[in-house]
Amino acid sequence: IKATGLTGRVLGSIGVGNIGREVFRLVRPFEMVHLATDPYISPKAVKEANIRLVDLETLMRESDFICVNCPLTPETRGLVGERELAWMKPSAYFISTSRGPIVDQAALYRALKERRSAERAKQREVSLPSHKTEWPVRVLPWGSEGEAKSKRVAHFFRLDARLRCLGQREKL
């Protein structure tokens, strides 16, 4: 498996509330570039998190890792659909910690299926997740080498979430 380094990669966050700021804090040692889109973030939070505020299109086009961390509101419902997914780099990872229909799941499934179909020449077998599957943390690889890496990333996020619930995170 070819490893993907994080140093110098671009992490984009849709939403910079508690979860978004914590994600940026956790990846700080990896020296990633931080992009975010959030109409409600304060200038103080922008400075503390060392992020560059951009519009959604710029975030989707430039990010190597895209995290959806915003709450479900009338203005975020359907925020990420076919158009936004088409803006992504073919090698980008999409991680959603959000609840509800912020991401159009059918569009996400179609985008993944189309990108995976293009990879069939490189891979003998391609298994797609059911678009009806509800994962607590969604990590979907866009590149050909992504499946094993996505499992490791998903495991990290699930482990971190479990430790936070148990109050154990700060002891690591």
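Before reading further, recall that the structure is shown in the block above.
Structure report, in brief. (Residues numbered from 1 in each chain as written. Predicted model: local features only at pLDDT ≥ 70, side-chain atom pairs only at ≥ 80, totals over all residues. Heavy atoms only, no water.)

**Topic: the nonpolar core**
Formed by 21 residues in total, the largest nonpolar core has its most connected members in Ile14, Met60, Leu85 and Phe94. Listing elements by their share of this core, those giving two or more residues are β1 (10–14), α3 (56–62), β4 (65–68) and α5 (105–118). (Core = buried A, V, L, I, M, F, W, Y, C linked by side-chain atoms within 4.5 Å. Buried < 20%, exposed > 50% of the residue type's maximum accessible area, 1.4 Å probe, protein only. Helix = DSSP H or I, 4+ residues; strand = E, 2+ residues; numbered from the N terminus.)

**Here we look at the pairing of β4**
Burial of β4 is two-sided: the residues Phe65 and Cys67 facing one way and the residues Ile66 and Val68 facing the other way are all buried. Here β1 runs beside β4; their pairing, made up of 4 bridges, is parallel. Of the residues in β4, the one forming a bridge with glycine 12 is isoleucine 66. Here 4 bridges tie β4 to strand β5 (residues 93–96), and the two strands are oriented parallel to one another. Pairing of valine 68 across the sheet is with serine 96, part of β5. (Pairing = 2+ DSSP bridges.)

**Here's the deal with the side chain of threonine 76**
Here threonine 76 lies in the loop between β4 and α4 (82–86). Side-chain polar atoms of threonine 76 contact the backbone oxygen of proline 71, separated by 2.8 Å. Among residues more than four places away in sequence, those in contact with threonine 76 are Cys70, Pro71 and Ile102. (Polar contact = N/O pair within 3.5 Å; in protein donor to acceptor, adjacent residues only side chain to side chain. Contact = heavy atoms within 4.5 Å.)

**Brief notes about the environment of serine 98**
Following the sequence through the fold, serine 98 ends up in the loop between β5 and α5. Sequence separation between serine 98 and glycine 15 is 83 residues; the distance between their C-alpha atoms is 9.7 Å. Here the side chain of serine 98 touches serine 96 through a polar contact of 2.8 Å, side chain to side chain.

**Re the environment of arginine 9**
Mapped onto the elements of the fold, arginine 9 is located in the segment before β1. In this structure the C-alpha to C-alpha distance between arginine 9 and glutamate 31, which are 22 residues apart in sequence, comes to 8.1 Å. The residues touching arginine 9, leaving out its near neighbours within four places in the chain, are Thr4, Met32, Val33, Asp64 and Phe65. A polar side-chain atom of arginine 9 sits 3.4 Å from the main-chain carbonyl oxygen of glycine 5.

**Considering unusual backbone geometry**
Unusually for a residue other than glycine, glutamate 31 sits at a positive phi of about 55°. Using a relative accessible area of 58% as the deciding quantity, one classes glutamate 31 as exposed. With a phi angle near 55°, asparagine 50 is a residue other than glycine that sits in the positive phi range. Here asparagine 50 lies in the loop between α2 (43–49) and β3 (52–53).

**Brief notes about the side chain of aspartate 38**
In this fold, aspartate 38 is placed in the loop between β2 (33–37) and α2. No salt bridge is formed by the buried aspartate 38, whose closest oppositely charged neighbour, arginine 21, lies at an N-O distance of 6.8 Å. From its side chain, aspartate 38 meets the backbone nitrogen of valine 16 in a polar contact 2.7 Å long. Setting aside chain neighbours within four positions, we find aspartate 38 in contact with Gly15, Val16, Gly17 and Leu53. (Lys, Arg positive; Asp, Glu negative; His and termini not counted. Salt bridge = Lys/Arg side-chain N within 4 Å of Asp/Glu carboxyl O.)

**Overview of the pairing of β2**
For β2, the buried fraction is high: 4 of the 5 residues fall into the buried class. As judged from the 5 bridges shared by β1 and β2, these two strands associate in the parallel manner. For isoleucine 14, the partnering residue across the bridge sits in β2 and is threonine 37. Of the crossover connections in this fold, the one passing from β1 over helix α1 (residues 18–27) to the parallel β2 is right-handed. In this structure, β2 lies alongside β3, joined through 2 bridges in parallel fashion. Residue pairing across strands places leucine 35 opposite arginine 52, the latter belonging to β3. Note on the crossover from β2 through α2 to β3: the handedness is right-handed. (Right-handed = clockwise from strand over helix to strand, strands pointing away.)

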